[in-house]
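# Descriptive analysis of the structure
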Amino acid sequence: MLIRTHTCGQLRETDIGATVRLNGWVNSYRDHGRLLFIDVRDRFGVTQLVFDPDGGISAEQKVVADRLRNEDVVAIEGKVRRRESVNPKLATGVIEVLVTNLVVLSKTENPPFLPDDLDKLPAEEFRMAHRYIDLRRPAMQKMLATRHKLYQVTRRYFDENGFLEIETPILYKSTPEGAREFLVPSRHVPGTFYALPQSPQLFKQILMVAGCDRYMQICRCFRDEDPRADRQAEFTQIDLEMAFVRRDQVMEMMEGFVRRLWREMTGFEVPPMRRMPFREAMEDYGIDRPDTRYDLKIKDISEFAATVDFGVFKTALEKGKDRPRFNSKRGVVKAIRVPGGAEKLTRKLTDGYTEFVKGFGAGGVAVVKVVKGEDGSPKLDTGIAKFLEPRKAEFLALMGCEIGDTVLFVADVYAIATKCMGELRQKVARDMGVVPKPGAEGGPWNFLWVVDFPMFEKNKETGKWVAMHHPFTSPRDDQMQAFLDANEEDDDVIESIVSAGYDIVLNGQEIAGGSVRIHDRAVQSKVFKLLGLTPEQAKEKFSFLLEALSFGAPPHAGVAFGLDRLVMNFLGTDNIRDVIAFPKTLTGADLMTKAPSHVPANQLKDVHVASIIPPAAT
RNA sequence: GGGGCGGUAGCUCAAUUGGUUAGAGUACCGGACUGUCGAUCCGGUGGUUGCGGGUUCGAGUCCCGUCCGCCUCGCCA
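This one's a predicted model, so the numbers in the text were calculated from it and none came from an experiment.

Analysis parameters
- Residues numbered from 1 in each chain as written.
- Chains lettered and ligands numbered in written order.
- Predicted model: local features only at pLDDT ≥ 70, side-chain atom pairs only at ≥ 80, totals over all residues.
- Heavy atoms only, no water.
- Patch = residues over 30% accessible without salt bridge, like charges linked within 9 Å, V, L, I, M, F, W, Y side chains within 5 Å.
- Areas by Shrake-Rupley, 256 points an atom, 1.4 Å probe, with all protein chains shown as cover.
- Salt bridge = Lys/Arg side-chain N within 4 Å of Asp/Glu carboxyl O.
- Helix = DSSP H or I, 4+ residues; strand = E, 2+ residues; numbered from the N terminus.
- Buried < 20%, exposed > 50% of the residue type's maximum accessible area, 1.4 Å probe, protein only.
- Near = heavy atom within 4 Å.
- Polar contact = N/O pair within 3.5 Å; in protein donor to acceptor, adjacent residues only side chain to side chain.
- Phe/Tyr/Trp six-rings, centres within 6.5 Å; stacked < 30°, edge-to-face > 60°.
- Lys NZ or Arg CZ within 6 Å of the ring centre and 35° of its normal.
- pLDDT = per-residue confidence, 0-100.
- Expected span 1.5 Å × (residues − 1).
- Bend = angle between axes of the 7 residues up to and from the residue.
- Axes fitted to C-alpha atoms, helices over the stretch in contact; angles between N-to-C directions.
- Parallel < 35°, antiparallel > 145°, perpendicular 65-115°, else oblique.
- Left-handed = near helix turned anticlockwise from the far one by under 90°.
- Contact = heavy atoms within 4.5 Å.
- Nonpolar A, V, L, I, M, F, W, Y, C, P; charged D, E, K, R; others polar.

Moving on to a nonpolar patch on the surface. Nonpolar side chains collect at one region of the surface, where Met1, Ile3 and Leu105 lie side by side and expose about 310 Å² of accessible area between them. The topology assignment puts Leu105 in strand β5 (residues 95–106). Classification of Leu105 by relative accessible area gives partly exposed; the value is 35%.

Following this line, the structure appears as structure tokens:
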């Protein structure tokens, strides 16, 4: 074949006169009879070829050229010359190649679709089934290049900071807490199974005990739970761990990474990141990953609401009134002041909010508008105005209301009211049009740390304690003694213990999370006990960890970044499948390879597995 | 597991209340054309309306079931 001398994005004015060879795909053809133009494409760009019987191409080859169609693969030789008319859309648009020799390397069937970004894209289902064509699109090539660059910046930064890149096993021990695991049957030991790792959490801690000091890995993780637009069952993490550090050293290292990453990927200089306690996030934003690009803060007005003669408030506030503040079952009234809402939040929208919060367990949303009265002063209107009227001045002052505002209320127990308000705040922000464009489209990049998470929370169904982050997260240093001293039966104390965990939140999205780990066997044992694991169960599941911790474990801490979400941010997409070369559907199918698939009976027999699904039914 | 949206030519879409032979653009095939660049012009092929039932004189359209895709709640230590 004619091996290329240049890529299809390379030739410039300075190459005019040179004899070159190009390889690539036919991107489009424009047949003028005697004269034929072909745009040839590779991942580097597009170059125009000209086939002219007066220009050195043989009559036989011209006939072959006339038969070229989109996505045929060709090799050509020819002479670079200046175009008669420049195409400013192409980087190579000043020149063209007058072809003297053509070899068709691969003739294509009529392709199911053409890989251009100009027309409306085919259905995603179809793009995934023919991924080899979809990935030819310039936008997808850009995605692959962006991911690649992210890998390189990541490896460079952590290498410079003394991290070792170490691979950990994919065939791993089942530790069935948290997410459902993918299982792999063992051939050697009938009836036993590996699991695919939800993350390399325990291996990286073991590596710290093993004296590796600093570890990093760009690793695949597997969680057999239902995906979402921004979630795949199989996804990639930038996984890290450091020894001989506490919280601040890790956070500093991570912040440095984020700063480097954004500088190199986007040119944006990330300012010092504020640290927001979990409690503040929940109080002001109703969520542990607040989007601080817009205000619309939530206000707890329980105290004021108690003075209002409104049944819904009174009923809510009666609930769990003897419980401590922030207790999930204590009744509260929360409000959001929406500047300009009186006009924009129509009755239809606010009625919709009631339906919306019902989905999260609340009874509804109460509404009041602040309008201009006849004397020009603020007047309460619609909704629950008549109940608030007697305490109007106090209410307006409390909420800081101005004419034109709408105030939305939810009254329920703390957990529900907080969740509803957090979700409602985001919905209202969208309805009001105050959510900025994504960072990749010129909007702000808004980073913050969320810290001081509770160590434990109660599972709603079982009533048992579960680790909020994971069971290897240490209490915050100043909480350690309180944790060791705590009576396991004392829920209020257990609930109050704060962990040494930390998340990085970007524009309301968690992009990284980590914690200082427990490096003391006694502390780890106490956590397992609180989580309801007997010493025997703990040993069965985590003996290797407990042993490791008992043979000289350095203090250590780490973090994991969601790599796919980082790429989504850099490309400005909200679809995770757009940043993965070979993604899966919501049911875990690979539409190109048709995985998962049935396997022959003998293959099942080899691994000692029998299907309970009758062959006829499948 | 629950809720919602969608599935019509290779692809993107249309088809009035249930009513004639299911159309258009594009791709593809044939033809014309020496400067185009999403070439243009002329002509043509192409349909199990996802699948299976049902209602009806008549179903792309209505009903039931099912499969697939997407969005979402639960779930995701």
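Another aspect to go through is unusual backbone geometry. For the bond running from Ala595 to Pro596, omega is -5°, close enough to zero to count as cis. Within the secondary structure, Pro596 is located in the loop between α19 (563–571) and α20 (601–606). Not every positive phi belongs to a glycine, and Glu71 is a case in point at roughly 80°. Mapped onto the fold, Glu71 is located in the loop between α1 (59–66) and β4 (73–82). Even without being a glycine, His608 presents a positive backbone phi close to 65°. The topology assignment puts His608 in the segment after α20.

One pass over the full model with this rule turns up 48 salt bridges. Note that Arg155 is salt-bridged to Glu165, the shortest N-O span being 2.7 Å. Placement of Arg155 in helix α4 (residues 138–160) and of Glu165 in strand β6 (residues 164–165) is noted, with a sequence separation of 10 residues between them. Exposure remark for Arg155: the relative accessible area of 31% places this residue in the partly exposed category. Note that Arg246 and Asp477 form a salt bridge whose closest N and O atoms lie 2.6 Å from each other. Linking Arg246 in the loop between β10 (234–243) and α6 (247–266) with Asp477 in the loop between β19 (465–467) and α15 (480–485), this pair joins segments that are 231 residues apart in sequence. Accessibility expressed as a relative area gives 43% for Asp477, which makes it partly exposed. One salt-bridge network, in which partners are shared between bridges, spans Asp117, Arg127, Arg131, Asp134, Arg137 and Asp578.

Of all residues adjacent to RNA strand B, which total 55 residues, the nearest are Arg30, Asp31, Asp119, Lys120 and His469. If you look at RNA strand B and keep only atoms within 4 Å of the protein, 52% of those are sugar or phosphate atoms. Here Arg83 contributes a side-chain N or O atom positioned 2.6 Å from a base nitrogen of RNA strand B. For the surface near RNA strand B, the secondary-structure elements that each account for two or more residues are β1 (19–32), β2 (35–42) and α2 (124–129). With 5 residues, β1 is the largest single contributor of residues to the surface near RNA strand B.

Turning next to the packing of aromatic side chains. In this structure the tally under the stated criterion is 26 aromatic pairs. When the ring of Tyr157 is compared with that of Phe158, the centres are 5.0 Å apart and the planes differ by 90°; the resulting orientation is edge-to-face. Residues Tyr157 and Phe158 agree in their burial class; the two are buried. Taken together, a centroid distance of 4.9 Å and an interplanar angle of 75° make the contact between Phe158 and Phe163 edge-to-face. Members of the aromatic cluster, connected to one another through ring pairs, are Phe304, Phe310, Phe313, Phe387, Phe395 and Phe409. One Lys or Arg, Arg279, reaches over the ring of Phe326 and ends 4.4 Å from the middle of that ring. The ring centre of Phe356 lies 5.0 Å from the NZ or CZ of Lys427, which sits over that ring.

Quick look at the confidence of the model for chain A now. With 99% of its residues at a pLDDT of 70 or more, chain A has an overall mean of 94. Confidence, expressed as mean pLDDT per element, reaches its minimum in chain A at helix α16 (residues 491–496) with 86 and its maximum at β6 with 98. Reported confidences for the modelled complex are a pTM of 0.94 and an ipTM of 0.93.

Time to look at helix α18 (residues 535–550). Side chains that are three or four residues apart share a direction in an α-helix, a result of its 3.6 residues per turn. The terminal C-alpha atoms of α18 lie 15 Å apart, and with 16 residues this falls more than 12% below the ideal 22 Å at 1.5 Å per residue. Remark: the principal bend of α18, roughly 95°, maps to Phe542. Of the positions making up α18, those classed as buried are Ala538, Lys541, Phe542, Leu545, Leu546, Ala548 and Leu549. Phi for Gly552, located one or two positions after α18, is positive at around 85°.

So, on to the packing of helix α11 (residues 347–358) against helix α14 (residues 414–432). Viewed as axis vectors pointing N to C, α11 and α14 meet at an angle of 150°, and their least axial separation amounts to 10 Å. The orientation of α11 with respect to α14, classified from their angle, is roughly antiparallel. For the crossing formed where α11 meets α14, the hand is right-handed. Residue-level contacts link Leu349, Tyr353, Phe356 and Val357 of α11 to Cys420, Glu423, Leu424, Lys427, Val428 and Asp431 of α14. A per-class count over the contact of α11 with α14 returns 7 nonpolar, no polar and 3 charged.

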